[in-house]
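Residues per chain, in single letters:
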Amino acid sequence: MKIIVAGTGYVGLVHAAVCSEYGHEVYAYDNDVNKINAFSNGQAEEIEKYVNEPGLVNIIKETLGKYLFFSTDLGAIIEGADAIFLCLPTPPNPNDGSTNLVFYDAAVEDIAEIAAKRNDENRIVFVNKSTVPIGTARHLQDIMNAHEVKNFGVSSNPEFLAEGTAVEQARKPDRVVVGCDHESDFKILRRVYSQFVNHVRIKYIETTPETAEAIKYVANTMLLTYISFWNGVGAKIGERFPNVKIDDLRLGVTSDDRISTWGSFVSNGAGGSCFGKDIASLIYQLRSVNVSTKMLEASYEVNEYQKVYLVERAIAEAGFKFNNKTVAVLGLAFKKHTNDMRDASSIKLIESLLGKGVAKVKAYDPLAIESAKHAFSPSKNILFEKIEYYETAKEAIEGSHALFISTDWEEFRGLSRTIEEAARPPYLVMDGRRMIPDFEDIVTKGYTYLAVGAMVMKPE
Ligand SMILES: NC(=O)c1ccc[n+]([C@@H]2O[C@H](COP(=O)([O-])OP(=O)(O)OC[C@H]3O[C@@H](n4cnc5c(N)ncnc54)[C@H](O)[C@@H]3O)[C@@H](O)[C@H]2O)c1
Ligand SMILES: O=c1ccn([C@@H]2O[C@H](COP(=O)(O)OP(=O)(O)O[C@H]3O[C@H](CO)[C@@H](O)[C@H](O)[C@H]3O)[C@@H](O)[C@H]2O)c(=O)[nH]1
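Conventions used here
- Residues numbered from 1 in each chain as written.
- Chains lettered and ligands numbered in written order.
- Predicted model: local features only at pLDDT ≥ 70, side-chain atom pairs only at ≥ 80, totals over all residues.
- Heavy atoms only, no water.
- UniProt positions renumbered as here; feature names shortened; annotations may be inferred.
- Near = heavy atom within 4 Å.
- Polar contact = N/O pair within 3.5 Å; in protein donor to acceptor, adjacent residues only side chain to side chain.
- Nonpolar A, V, L, I, M, F, W, Y, C, P; charged D, E, K, R; others polar.
- Core = buried A, V, L, I, M, F, W, Y, C linked by side-chain atoms within 4.5 Å.
- Buried < 20%, exposed > 50% of the residue type's maximum accessible area, 1.4 Å probe, protein only.
- Helix = DSSP H or I, 4+ residues; strand = E, 2+ residues; numbered from the N terminus.
- Contact = heavy atoms within 4.5 Å.
- Pairing = 2+ DSSP bridges.
- Right-handed = clockwise from strand over helix to strand, strands pointing away.
- Domains from an automatic or database assignment.
- Buried area = accessible area lost by both parts, 1.4 Å probe.
- Salt bridge = Lys/Arg side-chain N within 4 Å of Asp/Glu carboxyl O.
- Axes fitted to C-alpha atoms, helices over the stretch in contact; angles between N-to-C directions.
- Areas by Shrake-Rupley, 256 points an atom, 1.4 Å probe, with all protein chains shown as cover.

Naming follows an unreviewed UniProt entry, where the protein appears as UDP-glucose 6-dehydrogenase of Desulfonema magnum. Quoted verbatim from the Pathway (unreviewed entry) field of UniProt, the annotation for the protein is "Nucleotide-sugar biosynthesis; UDP-alpha-D-glucuronate biosynthesis; UDP-alpha-D-glucuronate from UDP-alpha-D-glucose: step 1/1." A UniProt comment under Catalytic activity (unreviewed entry) is attached to the protein, and it reads "UDP-alpha-D-glucose + 2 NAD(+) + H2O = UDP-alpha-D-glucuronate + 2 NADH + 3 H(+)".

What follows is the structure, given as structure tokens:
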């Protein structure tokens, strides 16, 4: 099959690479010349500046120039294409949470104009892989019709990968959901995904485009609601009732085969490029058809509050005064194994710390320092000038009065020794990810430990 992937971000680049592994002729297209140059050159450092996913560089190196090609010129690659996968950004609008389709529409208008001039008469399917509001495939169809594109179909094929394990999941997804209107379009997608059709474990689900669009929103909002349930109920029980051990509570509940362990890890909120914006978008979509959205609003609000509430607890329960203090923030990315800063909990956290008069934030992340510098650009908030970046956790902790663990990087499990070397008590450790297994030890040594899911622990 000849496949074009429009948009070479986390979703598009991984999809293009994995399709090329299966011997499809794949053209990855983007309007960002810098990205296309970086990917065409095949160098790990260049690629990982943009998309850092385990296993991705190896695939690109193996298939580049053989099955995988990069281009900024759609007109030069469109002839003979069977499918164009749209992997374009669909960020939230700032005020009402609705989906901003400006980038999507701009790309689709360009594609439609070029597709209308195709010489070949093969059927071509335009496939939404982006997460888009229910009804967007129909909107895509209208744009193609308005440009008089011939012999085309539209499809919704939502992406379910999680960052950090994107390649693994693209190779072995739980399910592939394909929504089309016509058998001829289902046929094209079955050929694209021939490795998954009739697979013993992977569910290959064919449905309408609208159902496929809805599946993506219901899946993401259910996952976030599950996290919010643990943060809003389980964690709060551990924080308010003496002698309740949150880890045992989690084990006891999730030992029921029907209840997953994923999502039960209480935290300082779920971030990332999807959960927050997708739940906001579904709230907007349901409100616009007069459906009560109380439940989704609660999930969203619990999650947003979770990002800053340890700071409030530090004041109320540990008696910590943030004014003029130096605080180390360990972990900036929205989760481990990624450099992605989109909607990372660290953003709200640092805004809150600086709002409370913190004089200096000493920040460390193993992978996300460069993207954090963009997220915390002083042009967005002048207070971000008070952030300094360090190459090790130890350097960040030195000279600080307190630390906050905001991302679940594995290296933080060994942090108690570093804390003892770099900071003398009195010292406050705020653990948004429950990363320190030997917390009782550091409390005995004079440190105050305040973690999500447990009561504050102060030295005698
Ligand atoms: N990141 C994830 O984990 C994930 C998972 C599932 C679904 N999604 C959804 O997939 C979509 C893409 O997400 P992403 O994280 O890959 O975004 P991204 O921002 O990393 O990538 C989008 C790409 O589209 C390109 N682009 C923008 N306008 C263009 C145009 N006019 N023509 C060509 N290219 C253009 C950008 O340059 C960028 O490379 C979104 O709808 C998102 O909600 C993301
Ligand atoms: O027990 C848990 C599990 C996750 N998280 C946090 O939840 C956020 C999201 O994590 P994850 O789901 O692993 O990352 P994403 O890459 O955002 O993936 C989600 O969003 C994607 C975009 O739509 C979907 O495709 C995926 O299926 C969905 O898991 C992160 O901040 C995690 O740290 C917790 O706090 N506790």
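**Student:** In this structure, what is going on with the site of ligand 1? I would like to understand it.
**Tutor:** The full set close to ligand 1 counts 25 residues, and D30, K35, T90, E163 and K277 are the nearest of them. Within the side chain of D30, a nitrogen or oxygen atom sits 2.6 Å from an oxygen atom of ligand 1. The separation between an oxygen atom of ligand 1 and a polar side-chain atom of R342 is 2.9 Å. The residue inventory of the shell around ligand 1, partitioned by class, reads nine nonpolar, eight polar and eight charged.

**Student:** When you look at the nonpolar core in this model, what are you seeing that I'm missing?
**Tutor:** In globular proteins that are soluble, nonpolar side chains generally tend to be buried together. If you look at the biggest cluster of nonpolar residues, it comprises 43 residues, and the most contacted ones within it are F85, L189 and Y193. No other element matches the seven residues that helix 1 (residues 10-21) contributes to this core. Discounting chain neighbours no more than four positions away, the residues touching L189 are F85, V125, V127, S155, V178, C180 and Y204. M341, A372, I387 and A402 belong to the second largest nonpolar core, which has 37 residues in total.

**Student:** How should I be thinking about the pairing of strand 10 (residues 360-364) in this particular structure?
**Tutor:** Remark: a regular strand shows side chains that alternate across the two faces of the sheet. In terms of burial, strand 10 is a largely internal element, four of the five residues being buried. Judged from the five bridges that link them, strand 9 (residues 326-330) and strand 10 form a sheet pairing that is parallel. Bridge pairing in strand 10 places T326 opposite K360. What joins strand 9 to strand 10 is helix 15 (residues 345-355), and the crossover it makes is right-handed. Relative to strand 11 (residues 387-390), strand 10 runs parallel, the two sharing four bridges. Paired with V361 across the strands is I387, a residue of strand 11. Following the chain from strand 10 across helix 16 (residues 369-375) to the adjacent parallel strand 11, one finds a crossover that is right-handed.

**Student:** Please clarify how the side chain of K35 should be interpreted in this entry.
**Tutor:** Relative to the elements of secondary structure, K35 occurs in helix 2 (residues 33-40). In contact with K35, not counting residues within four places along its chain, are T8, G9, D30 and Y50.

**Student:** Can you walk me through the domain arrangement of the protein in this structure?
**Tutor:** Size of an interface: often given as the accessible area lost when the parts come together. Looking at the assigned domains, one finds that the protein contains domain 1 (2-206), domain 2 (217-305) and domain 3 (308-451). Facing 14 residues of domain 1, the contacting portion of domain 2 comprises nine residues. For the pairing of domain 1 and domain 2, the buried interface totals around 830 Å² over both sides, and the portion due to carbon and sulfur atoms is 57%. Applying the counting criterion to the domain 1 and domain 2 interface returns zero salt bridges. When grouped by side-chain class, the residues that make up the side of domain 1 that touches domain 2 number six nonpolar, five polar and three charged.

**Student:** Please clarify how the sheet that holds strand 11 should be interpreted in this entry.
**Tutor:** Two strands in a sheet stick together by hydrogen bonds in their backbones, pointing the same way (parallel) or opposite ways (antiparallel). Taken in spatial order, the six strands of this open sheet run 11-10-9-12-13-14, and their pairing is parallel. Sheet topology places strand 11 and strand 14 (448-451) at the edges, where each strand pairs with a single neighbour. Across the sheet, the mean angle from the axis of one strand to that of its neighbour is 20°, orientation sign disregarded. Taken together, the four bridges between strand 13 (residues 428-431) and strand 14 define a ladder with parallel strand orientation. By the bridge assignment for strand 14, M430 is matched with L450.

**Student:** Sorry, what's going on with the sheet that holds strand 6 (residues 152-156) here?
**Tutor:** Read from one edge of the open sheet, eight strands run 3-2-1-4-5-6-7-8, paired in mixed fashion. Of all the strands in the sheet, just strand 3 (68-71) and strand 8 (203-207) have a single pairing partner and so form its edges. For this sheet the average axis-to-axis angle between neighbouring strands, irrespective of direction, equals 20°. When strand 2 (residues 25-29) meets strand 3, the two strands line up parallel, connected through four bridges.

**Student:** Would you mind showing me how to read the site of ligand 2 here?
**Tutor:** Not every one of the 21 residues close to ligand 2 is listed here, only the nearest: L161, K216, S267, C274 and R433. Take L161: an N or O atom from its main chain is 2.7 Å from an oxygen atom of ligand 2. In the environment of ligand 2, an oxygen atom lies 2.7 Å from a nitrogen or oxygen atom belonging to the side chain of R433. Within the complex, the protein chains bury 90% of what would otherwise be the 700 Å² of accessible surface of ligand 2. Broken down by secondary-structure element, the contributors of at least two residues to the shell around ligand 2 are helix 10 (209-240) and helix 12 (275-287). The class makeup of the residues in the shell around ligand 2 is 10 nonpolar, five polar and six charged.

**Student:** What am I meant to see in the pattern of salt bridges here?
**Tutor:** Two side chains of opposite charge can pair, provided their charged atoms sit close to one another. Considering all chains together, one arrives at 31 salt bridges under this definition. The partner of R250 in a salt bridge is D247, and the shortest N-O contact between them spans 3.4 Å. Of this pair, R250 and D247 both sit in helix 11 (residues 246-254), separated by three residues, roughly a single helical turn. Note on R250: relative accessible area 16%, which makes it buried. The exposure class assigned to D247 is partly exposed, which follows from its relative accessible area of 35%. Ionic pairing is found between K445 and E420, a salt bridge with its closest N-O pair at 3.3 Å. Of this pair, K445 sits in the loop between helix 19 (439-444) and strand 14 while E420 sits in helix 18 (residues 415-422), and the two are 25 residues apart along the sequence. Overlapping salt bridges bring together K236, E239, R240, R313 and E317 as one network.

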